[in-house]
Amino acid sequence: LKRETFLRQARALARLNQPNLIQGIDVGVANGLHYSVMEFVDGPSVADLLRRGGPIDESRALTLVGLAARALAHAYRNGVLHGDLQPKDLLVSREGSVKVGGLGMSNHPPAGTAAPYYKSPEQLRGEKDLDTRADIYSLGAILYHMVTGDVPYPGKTPTQVARSHIEDAVPSPRQKNPQVSAKAEWVILKMMFKTRERRHPTPLEAQKDLEEIVAGGNPKGFAPEGR
């Protein structure tokens, strides 16, 4: 990152104040080195949980992703788009809450990054007018991984994964894991529509649907089977 870009991003993140965002504490220069001090979260990331193998309990997964959606909504209201959301960015505290990290650094990904398992189609097409619905897609892909134990499009190469995100229908989560509820599948597929206009318009709308399922209700627009 260039000096001015680094400082601008770090200061913008430091101004964000939401319980489910990793809090920026300080930013500055010491001995010619630029630094950013962030809140420490004593707990595993969702990536750590997934590495243990198998799906994560649906209710827990929906709750964690709902909290992450709340954080993303706050960030976007303050002009910050994540743009590169991955399971490693969702940190689970000892209290069972979620802290979202990695904000503000997506414009400068490190060389040799892994396959784009969670990227939205519009990002992979190189579109410039991205908005919060790109993060909603990524969050849906993460939720897919959490409840099924597998990414939506495994692929053998980054190019193959990217092409699948752009062109292929999302494989049914319930076919990968029959324990996934019809409600959860419905919300995941809505979050992952190829056309962003068909996704939830804001992370808060996605959060409401996720919380409704956890509470035993139906997400808005969901029609139970047999009706």
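Quick caveat, the model's predicted, so the values are computed rather than measured.

1. Here's the deal with the overall build of the protein chain
Okay, step 1: Within the protein chain one finds 9 helices and 4 strands.
Okay, step 2: What you see in the protein chain, going N to C, is helices and strands ordered as α-β-β-α-α-β-β-α-α-α-α-α-α.
Okay, step 3: Sequence-distant contacts, at least 24 apart, represent 68% of the contacts inside the protein chain between residues at least 6 apart.
Okay, step 4: Element-wise, carbon and sulfur atoms account for 50% of the exposed surface of the protein chain, whose accessible area totals about 11,600 Å².

2. Focus: the side chain of Asn177
Okay, step 1: Tracing the backbone through its elements, the reader meets Asn177 in the loop between helix H7 (173-176) and helix H8 (182-191).
Okay, step 2: Within the structure, the side chain of Asn177 is placed 2.8 Å from the backbone oxygen of Val147, a separation counted as a polar contact.
Okay, step 3: With residues up to four places along the chain from it excluded, the contact list for Asn177 reads Pro55, Val147 and Thr148.

3. Regarding helix H3 (residues 58-77)
Okay, step 1: Look at H3: 28 Å from first C-alpha to last across 20 residues, which is about the 28 Å you get at 1.5 Å a residue.
Okay, step 2: Most of H3 is tucked away: 14 of the 20 residues are buried.
Okay, step 3: N-capping of H3 is provided by Asp57, with a side-chain oxygen placed 3.3 Å from the backbone N of Ser59.
Okay, step 4: Gly79 occupies a position one or two residues after H3 and carries a positive phi of about 80°.

4. Some thoughts on the environment of Leu16
Okay, step 1: Within the element layout of this structure, Leu16 appears in the loop between helix H1 (3-14) and strand S1 (24-30).
Okay, step 2: For Leu16, a relative accessible area of 4% translates into the label buried.
Okay, step 3: Sequence separation between Leu16 and Val80 is 64 residues, and the spatial gap between their C-alpha atoms is 9.2 Å.
Okay, step 4: Discounting residues that sit within four places of it in the chain, Leu16 has contacts with Leu21, Gln23, His74, Ala75, Asn78, Val80 and Leu103.

5. Observations concerning H8
Okay, step 1: By the burial criterion, the buried members of H8 are Ala184, Glu185, Val187, Ile188 and Met191. Along H8, the residues classed as buried sweep out an arc of 165° about the axis, all on the same side.
Okay, step 2: Against the buried residues of H8 lie H3, helix H5 (132-148), H7 and helix H9 (203-214).

6. Here's the deal with the packing of aromatic side chains
Okay, step 1: Going through the model one piece at a time under the given rule, you end up with 2 aromatic pairs.
Okay, step 2: Ring geometry for Tyr117 and Tyr118: centres 6.3 Å apart, planes at 70°, overall edge-to-face.
Okay, step 3: Under the relative-accessibility criterion, Tyr117 is labelled partly exposed at 26%.
Okay, step 4: Relative accessible area serves as the criterion here: at 10%, Tyr118 is assigned to the buried category.
Okay, step 5: With a centroid separation of 6.1 Å and 75° between ring planes, the pair formed by Trp186 and Phe222 is classed as edge-to-face. Here Trp186 is found in helix H8, whereas its partner Phe222 is found in the segment after H9, with 36 residues between them in sequence.
Okay, step 6: Residue Trp186 is classed as partly exposed on the basis of its relative accessible area of 25%.
Okay, step 7: What makes Phe222 buried here is its relative accessible area of 13%.

7. Structural notes on the pattern of salt bridges
Okay, step 1: Taken as a whole, this structure holds 10 salt bridges when the rule is applied.
Okay, step 2: Salt-bridge contacts for Asp89 lead to Lys88; the nearest nitrogen and oxygen are separated by 3.4 Å.
Okay, step 3: On the accessibility criterion, Lys88 (49% relative accessible area) is partly exposed.
Okay, step 4: Between Lys176 and Asp150 there is a salt bridge, with the nearest N and O atoms lying 3.2 Å from each other. Of this pair, Lys176 sits in helix H7 while Asp150 sits in the loop between H5 and helix H6 (158-167), and the two are 26 residues apart along the sequence.

8. Quick word on the packing of H3 against H9
Okay, step 1: Taken N-terminus to C-terminus, the directions of H3 and H9 make an angle of 160°; their axes are 8 Å apart at the nearest point. With respect to each other, H3 and H9 are oriented roughly antiparallel. The hand of the H3/H9 crossing is left-handed. Residues Glu58, Ser59, Leu62, Thr63, Val65, Gly66, Ala69, Arg70, Leu72, Ala73 and Arg77 of H3 pack against Pro203, Leu204, Gln207, Leu210, Glu211, Ile213 and Val214 of H9.
Okay, step 2: Looking at the contact of H3 with H9 residue by residue, the classes come out as 10 nonpolar, 4 polar and 4 charged.

What counts, and where the lines are drawn
Residues numbered from 1 in each chain as written. Predicted model: local features only at pLDDT ≥ 70, side-chain atom pairs only at ≥ 80, totals over all residues. Heavy atoms only, no water. Helix = DSSP H or I, 4+ residues; strand = E, 2+ residues; numbered from the N terminus. Contact = heavy atoms within 4.5 Å. Areas by Shrake-Rupley, 256 points an atom, 1.4 Å probe, with all protein chains shown as cover. Polar contact = N/O pair within 3.5 Å; in protein donor to acceptor, adjacent residues only side chain to side chain. Expected span 1.5 Å × (residues − 1). Buried < 20%, exposed > 50% of the residue type's maximum accessible area, 1.4 Å probe, protein only. Arc of directions from axis to C-beta. Phe/Tyr/Trp six-rings, centres within 6.5 Å; stacked < 30°, edge-to-face > 60°. Salt bridge = Lys/Arg side-chain N within 4 Å of Asp/Glu carboxyl O. Axes fitted to C-alpha atoms, helices over the stretch in contact; angles between N-to-C directions. Parallel < 35°, antiparallel > 145°, perpendicular 65-115°, else oblique. Left-handed = near helix turned anticlockwise from the far one by under 90°. Nonpolar A, V, L, I, M, F, W, Y, C, P; charged D, E, K, R; others polar.

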